Amino acid sequence: MADNARAKKLADLIREVVAEKLHRGIKDPRLGTHVTVTDTRVTGDLREATVFYTVYGDEEDRKAAAAGLESAKGVLRSAVGAAAGVKHTPSLTFVADALPENAKTIDEALARAKAADEEVRKASSGAAYAGEADPYRKPGESDEDEDGDA
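Since the structure is predicted, the reported quantities are computational estimates derived from the model, not experimental observations.

A. Seen up close, the sheet that holds strand β1 (residues 35-42). Reading across the sheet, the three strands line up as β1-β2-β3 and stay open at both edges, with mixed pairing between neighbours. Edge positions in the sheet fall to β1 and β3 (91-96), since each of these pairs with one other strand and no more. For this sheet, the mean inter-axis angle between neighbouring strands, taken without regard to orientation, is 25 degrees. Here β1 pairs with strand β2 (residues 48-55) via seven bridges, running antiparallel.

The structure is reproduced here in structure tokens:
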């Protein structure tokens, strides 16, 4: 069993090699500058690697990039094996990263919160206090109930 530091180093190496190979080594028009490698994770036994990626474009571009990555999987694994110098080159699995969708959801939630804050601000712009402006007693002030008449 390999330690986590070694798995992390191998994951970083795989991310760099795959990104560089996608950018310069593979001539597939479905890939190229549209694909960005976001993260890589390697199992503890260094046998399998999961490569997370995002694609700039619409749904059709994402499907084309997924097909391009599956067809280039052997070339990419060979490049990783040559760079890593390990006894067993990990098998590569490509997973589309959910990061853009999560970011979009967060942006929409922030926009809704900003709109709700703006509505509250508009509603409270002409409002007055329900009681006095300062509801706290100050030293030296007396109250009618403090006479002991209770």
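What follows picks up the thread again.
B. Molecular detail of unusual backbone geometry. Positive phi, normally seen in glycine, also occurs at Leu46, with a value near 60 degrees. Topologically, Leu46 is positioned in the loop between β1 and β2. Taking the relative accessible area as the measure of exposure, Leu46 reaches 10% and is therefore buried.

C. Highlighting the pairing of β2. Among the eight residues in β2, six count as buried, and that is most of the element. Hairpin connection of β1 to β2: five residues between the antiparallel strands, including Leu46 at a positive phi of 60 degrees. Note that β2 and β3 share six bridges and pair parallel. From the neighbouring strand, Ala49 faces β3, where its bridge partner is Leu92.

D. Geometry of helix α2 (residues 59-71). When the terminal C-alpha atoms of α2 are compared, their 19 Å separation across 13 residues agrees well with the 18 Å that a helix rising 1.5 Å per residue should span. Residues Ala65, Gly68 and Leu69 constitute the buried set of α2. The arc enclosing the buried residues of α2, seen along the axis, measures out at 95 degrees, which places them on a common side. Facing away from the buried surface of α2 by more than 90 degrees, the exposed residues are Glu60, Lys63 and Ser71. On its buried face, α2 sits against α1 (4-25), β1, β2, α3 (73-84) and β3.

E. Main features of the environment of Arg47. Position of Arg47 among the secondary structure elements: in the loop between β1 and β2. Counting along the chain gives 69 residues from Arg47 to Ala116, while the straight-line C-alpha distance between them is 50 Å. When sequence neighbours within four positions are dropped, the list of residues in contact with Arg47 reads His88, Pro90 and Ser91. Separated by 3.2 Å, the side chains of Arg47 and His88 make a polar contact.

F. Expanded view of the nonpolar core. Ranked by size, the top nonpolar core spans 25 residues in total, and within it Ile14, Val18, Leu22, Leu76 and Leu92 carry the most contacts. Looking at this core, the elements that each hand over two or more residues are α1, β1, β2, α2, α3 and β3. With seven residues, α1 is the largest single contributor of residues to this core. Leave out the neighbours within four places in its chain, and Leu76 touches Val18, Lys21, Leu22, Ile26, Leu69, Leu92 and Phe94.

About the cut-offs
Residues numbered from 1 in each chain as written. Predicted model: local features only at pLDDT ≥ 70, side-chain atom pairs only at ≥ 80, totals over all residues. Heavy atoms only, no water. Pairing = 2+ DSSP bridges. Helix = DSSP H or I, 4+ residues; strand = E, 2+ residues; numbered from the N terminus. Axes fitted to C-alpha atoms, helices over the stretch in contact; angles between N-to-C directions. Buried < 20%, exposed > 50% of the residue type's maximum accessible area, 1.4 Å probe, protein only. Expected span 1.5 Å × (residues − 1). Arc of directions from axis to C-beta. Contact = heavy atoms within 4.5 Å. Polar contact = N/O pair within 3.5 Å; in protein donor to acceptor, adjacent residues only side chain to side chain. Core = buried A, V, L, I, M, F, W, Y, C linked by side-chain atoms within 4.5 Å.

Taken by themselves, the reported measurements are silent on function.
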